[in-house]
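If you want the building blocks of each chain, they are given just below.
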Amino acid sequence: MIDIACIYMVWLRDVIRYFREKSQFYGSMTRPVLWLFILGLGLRGGYQQVGNVNYTQFIFPGIVAMTSIFTSIQSAISIIWDREFGFLKEILVAPVPRTSIVIGKGFAGTTLSLIQGCIVLLLAPLVKVKLLLVNILPLLIVMAIMSFALTGIGIVIAARMTSFQGFGTIMNFVIMPMWFLSGALFPMKGIPWWLNILVRINPLTYGVDLVRRLVLGFSFYPLWFDFGFLIIFSIITTAAAVYFFNRGEY
Amino acid sequence: MNLELNTAPVIEASELTKDFKGFVAVDHISFSVETGEIFGFLGPNGAGKTTTVRMLCTLTKPSSGRAKVAGCDILREENRVRRAIGIIFQDPSLDDRLTARENLRFHALIYKVPKSELKVRIERALEWMELSSRSDTIVRNFSGGMKRRLEIARALLHTPRVLFLDEPTLGLDPQTRNRIWERLLELRQEHNMTLFLTTHYMDEAEYCDRIAIIDHGKIIALDTPANLKAQMKGDQVFLSTADNQRAVIEIEERYGIKAQSDRDKVWFQVPNGALFVPKLVRDLSVPVLSVSVRQPTLDDVFLKLTGREIRDEEASGQEKLKGTLRRMGRAWR
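Below, the structure is looked at part by part. (Residues numbered from 1 in each chain as written. Chains lettered and ligands numbered in written order. Predicted model: local features only at pLDDT ≥ 70, side-chain atom pairs only at ≥ 80, totals over all residues.)

## Observations regarding the overall build of chain B
Now for step 1: When its secondary structure is counted, chain B shows 13 helices and 14 strands.
Now for step 2: The C-alpha extent of chain B, read off along each of the three principal axes, is 75 × 45 × 40 Å.
Now for step 3: With 333 residues in all, chain B has 38% of them scored as buried.
Now for step 4: Here the analysis covers contacts within chain B between residues at least 6 apart in sequence; of these, 69% occur between residues at least 24 apart. (Helix = DSSP H or I, 4+ residues; strand = E, 2+ residues; numbered from the N terminus. Buried ≥ 20, exposed ≤ 12 C-beta atoms within 10 Å, placed from the backbone. Contact = placed C-beta atoms within 7 Å.)

Structure below.
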């Protein structure tokens, strides 16, 4: 099941590719900046204050979460590229357990997502959010768990999707709704009941809530509840990723 | 024990079948390959060659039948099979964003090449495939032939007992093909490695010790190239005339030779074509436009066995064009 060399190889490959592909890096950096400053400043006026933070500050944890979602899922979806360009065969025909390939991909997605997330955290002073030094490590742990779980979702999608054509659909039906419904963009007060349900069943809500607790110092749900939900979520997605990746014919 | 290993076939397939939801790609094929043999699967595209290779390499599960590779069952001992084989896929399988050396290193990592040997083996592989000077170049910038050589170098890093090559020289220029073949023959010589290849190039098939001709998922002939050609009993004569159908009838009436024809040519076999043709041209009542005589090739064996030319069913238009041009160059001009 666990093949360290294989996990290391799959991880290292993605990391090398990430640092080699500069355009991808810049592209992924502009997204959070756009959201944070354009959306954040634009909607500032119509926002009912929660706690003692303004709107730009309020969505800051959500932007961190968004970076995790996009980076992890994109990283996992590279499996589809590998299938299209043939490299996947090279790994699949090797004497390595497929579970280890999934774990390697999970670690790679997590690593890249953490790197991207940290860059967004560096923007904190620009929106006048003060990060406490003691919160940095817990924050990284939360982001890592969240990214690992999301990479799992990406692997499930990649294992089920046979071509790259469906990517836009996935973006529209999975990634965007997950992010919009995570409570990252608007306060939960006064939203319709059905929207409330959707937000509450979205696992990402609790990840965002944890990030919010660590970044802004307040949250909507109890700590144990957030954390428990996130752990269960990541166990489920990892299991699903292993299951679907093992089952797929390539 | 050792003796037994050496005498047992290194690949044994019995009744191997793959059914893709009603389309039978491989239909109950059985064969065995000896250690050190170069064994070729020859057939048109879509004949089931690649599917067979994929099953033997544990990438596709057979619908029924069994096979053993290097003494291990392809279904129950997947990982042991995988350790014993190297494979060069028909389509590229390199990571083209990595350098040649990185590709090799990653391969060595997942195949557990001992750390102490890692560097030496990679250097040797690069040198052997004449890629040393380009070892730190990103693979994307390689030519088709260089990529192919790198794939071969990679497949050999873990010293497999059986090397599978699925259309190893497809789309490469003749010079590169020859170079690759020199290397492959060396491998057999020095390491007694078994090569299992699929091809639809006849000249490539000639390198094989034995050939299985496969069509519509079935093996329709299996023998050495020499024996297969010996079946043909004589030279192949191709001609095109003003009225091909008339020519077929006349040839049959006059000489008792059964000729075949399609839209643009007539063909038949005679023991000595060079002596026969002048007589034929004199005797026929329809004008003869062109004639060619050649020794039987595996092409002809295929044509005789299936009634079709091997390139008739080619998928890619460009390949088809190339094939046609090559054929015209050889036979008609």
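Having seen it, we continue.
## Quick look at the sheet that holds strand S13 (residues 266-270) of chain B
Residue and element names in this part refer to chain B.
Now for step 1: The four strands are arranged S12-S13-S11-S14 in an open sheet whose pairing can be described as antiparallel. A strand with exactly one partner marks an edge of an open sheet, and here the two such strands are strand S12 (260-261) and strand S14 (288-294).
Now for step 2: Where strand S11 (residues 235-241) meets S14, six bridges bridge the pair, whose relative direction is antiparallel. In the strand pairing of S14, Val237 is matched with Val293.
Now for step 3: Running at roughly 20° to S13, helix H10 (residues 244-255) makes contact with S11, S12 and S13 of the sheet.
Now for step 4: Of the strands in this sheet, S11, S13 and S14 touch helix H11 (residues 273-283), which is tilted by about 165° from S14. (Pairing = 2+ DSSP bridges. Axes fitted to C-alpha atoms, helices over the stretch in contact; angles between N-to-C directions.)

## Side note on unusual backbone geometry
Peptide bonds are trans in most cases, and residues, glycine excluded, mostly fall at negative phi.
Residues and elements named next belong to chain B.
Now for step 1: At Thr58, a position not held by glycine, the phi torsion is positive, near 70°.
Now for step 2: Structurally, the position occupied by Thr58 is in the loop between helix H2 (49-56) and strand S4 (64-69).
Now for step 3: Although it is not a glycine, Asn192 adopts a positive phi angle of roughly 50°.
Now for step 4: Relative to the elements of secondary structure, Asn192 occurs in the loop between helix H7 (174-191) and strand S8 (194-199).

## Overview of the interface of chain B and chain A
Now for step 1: Taken together, the contacts link 22 residues of chain B with 20 residues of chain A.
Now for step 2: When residues of the side of chain B that touches chain A are traced back to their parent elements, those giving at least two are helix H3 (78-84) and helix H4 (100-110) of chain B.
Now for step 3: The element best represented in the side of chain B that touches chain A is H4(B), accounting for four residues.
Now for step 4: Here the side of chain B that touches chain A is composed, by residue class, of eleven nonpolar, three polar and eight charged. (Nonpolar A, V, L, I, M, F, W, Y, C, P; charged D, E, K, R; others polar.)

## A short note on the packing of helix H9 (residues 203-216) of chain A against helix H10 (residues 223-247) of chain A
All names here are of chain A.
Now for step 1: Between H9 and H10, whose axes approach to 9 Å, the crossing angle comes to 135°. When the axes of H9 and H10 are compared, the pair comes out oblique. Handedness of the crossing formed by H9 with H10: left-handed. From H9, Pro203, Tyr206, Gly207, Asp209, Leu210 and Arg213 reach across to H10, where they touch Leu223, Asp226, Phe227, Phe229, Leu230 and Phe233. (Parallel < 35°, antiparallel > 145°, perpendicular 65-115°, else oblique. Left-handed = near helix turned anticlockwise from the far one by under 90°.)

## As for the nonpolar core
Now for step 1: Residues A:Ile155, A:Val211, B:Leu56, B:Ala153 and B:Phe164 are the most contacted members of the largest nonpolar core, which totals 136 residues.
Now for step 2: With 14 residues, helix H3 (residues 55-85) of chain A is the largest single contributor of residues to this core.
Now for step 3: Setting aside anything within four residues of it in sequence, one finds A:Ile155 in contact with A:Ala76, A:Ile79, A:Val102, A:Lys105, A:Ala241 and A:Phe245.
Now for step 4: One finds B:Leu239, B:Ile251, B:Val266 and B:Phe268 within the second-largest nonpolar core, a separate group that totals six residues. (Core = buried A, V, L, I, M, F, W, Y, C linked by C-beta atoms within 7 Å.)

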